[in-house]
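Observations on the model geometry
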Amino acid sequence: MPEDSPLIQSLRTAVAAAPADVPLRLHLAELLLTEGQAEAAVTEAAVALQHAPGDAQARQLMARAMGMPQQPSPVAPSPEIPAASQPAPAAQRPGFDWQAAEEQVGDVVPPRFVEEPGTPTRADGQDDPGDAEAWDVERPEALRLADVGGMQEVKDRLEAAFLAPLRNPELQRLYGKSLRGGLLLYGPPGCGKTFIARAVAGELGASFLSVSVSDVLDMWTGNSERNMHEIFQTARRQAPCVVFLDELDALGAKRSRTLHGGLRNTVNQLLTELDGIDSGANDGVFVLAATNVPWDVDNALRRPGRLDRTLLVLPPDAPAREAILRYHLRDRPIESIDLGKLAKATDGLSGADLAHVCEAAAERALLDSARTGTVRMIGMKDLLAAAKEVLPSSEPWFASARNVAMFANEGGMYDDLIAYLKKRRKL
Ligand SMILES: Nc1ncnc2c1ncn2[C@@H]1O[C@H](COP(=O)(O)OP(=O)(O)O)[C@@H](O)[C@H]1O
Ligand SMILES: [Mg+2]
């Protein structure tokens, strides 16, 4: 492999920092090509095409990088045509007529999804991080529960247990103290706990402060107590704010981390903060927590008034899978994808598994394009083949959960889980 020139090296760094910046990536690809690194140029052009399907410049570069005969470019205005007969050029880039390019590809790009008109699409869940705080605070107002595909039971429970009372001060007064405490989301990894927590913050019009408990412990050994306090102080300043404690089990007394000296103190600090919410010291601070291993969560944290309510987040149901697949295919060059059919073929897969399916399908189409020298779209057969290869990553989770549900269902905590296991004939 040839050594990258310093310019290419810094371009690579820039591209890594802004992976969705298509012109930047194409610039890198162009440079790679001039330096004789055709294969690397193909790779970059292919990624650019994933971000901007149909981008004329990307396609053209791909063709050149693959050493295909230079087709008379359909978009670059040829010198013979008198300028007057060309459509008015857009100003962005000298020598490149974006408007003409768009008109061209407008006809070329095939329908992306097979669907009825008017199907709503999912909003993008990415948000700008907040600034000037020690902890990153997001404002996920764009993300709502409606963006969480399917999972109606989870939404209903959230609405009844958390959202309706918070939205309605009358109800709050009526029920008074019974509303204290937070909610613990649990379930197999990659099935939407974090996503749902963020959507809850969006529903409440609240900021979102997400902390991984194991980070709090690992990064500041000895300082975890203070950090725990600072997290809640930040949330109070940013109220209304949802504090999301991910990997709550990292504080669990049942793990080997118990040997970690400061652990007990950190748990106590968290208890103090949680109880502070009860005293009204932090109005507008809502606590959600998540764990893949609820059986490792410290019991003290689960007492009434603390994280006393649990919500099981299972692998996505069919409508959820459809939403997730749609999201992961949003920027890829796809053709005639029947999402309903694909959702049926991916039962049991988690959100993360589904992302993987889309990735693998793109890879298949890409390899194929590179092999045949003709750029082709990602089709149903790529996705179905990928779906067959990806194994449900939550199986091992269910294997452990099954034992706990059977032998340690204290206080009926795992009733929901048992019902699901029975329904799926896993128990
Ligand atoms: N019901 C859903 N609707 C839309 N996207 C979902 C849904 N469930 C999960 N996802 C997607 O799956 C990915 C993994 O979910 P995540 O919240 O990180 O899982 P967890 O926190 O449970 O490990 C997220 O990026 C999210 O985009
Ligand atoms: Mg998560």
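Anyway, here's the lowdown on the structure attached to this text. Per chain, the residues get numbers from 1 upward, laid out in the order the sequence is written. Note on labels: chains are lettered from A, ligands numbered from 1, in written order. Restriction of local features to residues with pLDDT of at least 70 applies here, the model being predicted, together with a cutoff of 80 or more for giving and counting side-chain atom pairs; totals for whole chains, interfaces and linings are based on all residues. Only heavy atoms go into the side-chain values, all of them from the structure, while hydrogens and water stay out.

This next bit is on unusual backbone geometry. Between Ala-239 and the following residue, Pro-240, the backbone shows a cis peptide bond with an omega angle of 0°. Secondary structure elements follow DSSP: runs of H or I no shorter than four residues count as helices, runs of E no shorter than two count as strands, and numbering proceeds from the N terminus. Examined against the element boundaries, Pro-240 turns out to sit in the loop between helix H10 (224-237) and strand E4 (241-246). Notably, Met-151 is not glycine yet its phi reads approximately 50°, a positive angle. Of note, Met-151 is situated in the loop between strand E1 (137-138) and helix H6 (152-167). The backbone of Arg-425 shows a phi angle near 55°, a positive value even though the residue is not glycine. Positionally, Arg-425 belongs in the segment after helix H17 (415-423). Burial classification: accessible surface area is computed with a 1.4 Å probe over protein chains only, and a residue below 20% of its type maximum counts as buried, one above 50% as exposed, and the rest as partly exposed. For Arg-425, a relative accessible area of 75% puts it in the exposed group.

Attention now goes to the site of ligand 1. When at least one non-hydrogen atom of a residue lies within 4 Å of a molecule or strand, that residue is treated as near it. Close contacts around ligand 1 come from 15 residues, with Gly-149, Gly-190, Lys-193, Thr-194 and Phe-195 the closest. Gly-192 has a polar backbone atom sitting 2.9 Å from an oxygen atom of ligand 1. Pairs of N or O atoms within 3.5 Å make up the polar contacts considered here, provided that, within protein, one atom can donate a hydrogen while the other can accept it, and that residues adjacent in sequence are counted only when both atoms are side-chain atoms. Between ligand 1 and Lys-193, the relevant distance is 2.8 Å, taken from an oxygen atom to a side-chain nitrogen or oxygen of the residue. All accessibility values rest on the Shrake-Rupley procedure with a 1.4 Å probe; residue burial counts only the protein chains present in the view. A total of 560 Å² of accessible area belongs to ligand 1 in isolation, and the protein chains cover 81% of it. Residue assignment for the shell around ligand 1 shows that the elements contributing at least two residues are helix H8 (193-204) and helix H12 (318-329). Ten residue types, Ala, Val, Leu, Ile, Met, Phe, Trp, Tyr, Cys and Pro, are classed as nonpolar, four, Asp, Glu, Lys and Arg, as charged, and the remainder, Gly among them, as polar. Here the residues of the shell around ligand 1 sort into seven nonpolar, five polar and three charged. Here the shell around ligand 1 gathers at least three residues from each of two domains, domain 2 (145-312) and domain 3 (318-389). Domain ranges listed in this record stem from an automatic or a database domain assignment.

So, about the pattern of salt bridges. Side-chain pairs of opposite charge can arise where the charged atoms are in close proximity. Between Lys or Arg on one side and Asp or Glu on the other, a salt bridge is scored when a side-chain nitrogen of the former is within 4 Å of a carboxyl oxygen of the latter. This model, assessed by the stated rule, comprises 21 salt bridges. As a salt-bridge pair, Glu-230 and Arg-226 come within 3.8 Å of each other at their nearest N and O atoms. Of the two residues, Glu-230 and Arg-226 both sit in helix H10, four residues apart, roughly one turn of that helix. Taking the shortest distance from any N to any O, the salt bridge between Arg-364 and Asp-382 comes out at 4.0 Å. Here Arg-364 is found in helix H14 (residues 351-372), whereas its partner Asp-382 is found in helix H15 (residues 380-389), with 18 residues between them in sequence. Salt bridges here are not isolated pairs; linked through shared partners, they connect Arg-364, Asp-368, Arg-371, Arg-376, Asp-382 and Glu-389.

Here we come to the packing of helix H1 (residues 6-17) against helix H2 (residues 22-34). Between N-to-C directions, angles cover 0 to 180 degrees, with each direction set by a line fitted to C-alpha atoms, over the stretch in contact for helices. Where H1 contacts H2, the axes come no closer than 10 Å and their chain directions differ by 155°. Accordingly, the angle class assigned to the pair H1 and H2 is roughly antiparallel. Judged by the sense of rotation from one axis to the other, the crossing of H1 with H2 is left-handed. Mapping the contact onto sequence places Leu-7, Ile-8, Leu-11, Arg-12, Ala-14 and Val-15 in H1 and Leu-24, Arg-25, His-27, Leu-28, Leu-31 and Leu-32 in H2. When grouped by side-chain class, the residues that make up the contact of H1 with H2 number nine nonpolar, one polar and two charged. Each angle receives one of four descriptions, namely roughly parallel if under 35 degrees, roughly antiparallel if over 145, roughly perpendicular if within 65 to 115, and oblique otherwise. In this scheme the handedness of a crossing depends on how the near helix is turned from the far one: anticlockwise by less than a right angle means left-handed, clockwise means right-handed. The contact definition used throughout considers only heavy atoms, calling two residues in contact when any of these lie within 4.5 Å.

Let us look at H2. To estimate the expected span of a helix, count its residues, drop one, and scale the result by 1.5 Å. With 13 residues, H2 ought to run about 18 Å at 1.5 Å a step, and its terminal C-alpha atoms sit 18 Å apart, in line with that. Those residues of H2 lying buried are Val-22, Arg-25, Leu-26, Leu-28, Ala-29, Leu-31, Leu-32 and Leu-33. Contact partners of the buried residues in H2: H1, helix H3 (38-51) and helix H4 (56-65). Positive backbone phi, at 85°, marks Gly-36, one or two positions downstream of H2.

Lining residues are defined by having an atom within 4 Å of a point belonging to a cavity or pocket. Those points lie on a 1 Å grid over the protein atoms alone, cavities being sets where a 1.4 Å probe fits but cannot get out and pockets being open sets with protein on both sides within 12 Å along at least five of seven lines. Grid points are joined across faces, edges and corners, and a volume is the space filled by probe spheres set on the points. Tallying each qualifying case throughout the model produces one cavity of 30 Å³ or more. When contributions to the lining of the largest cavity are tallied by element, the ones reaching two or more residues are H3, H4 and H14. With four residues, H14 is the single largest residue contributor to the lining of the largest cavity. Residues belonging to the lining of the largest cavity are distributed by class as follows: eleven nonpolar, three polar and two charged.

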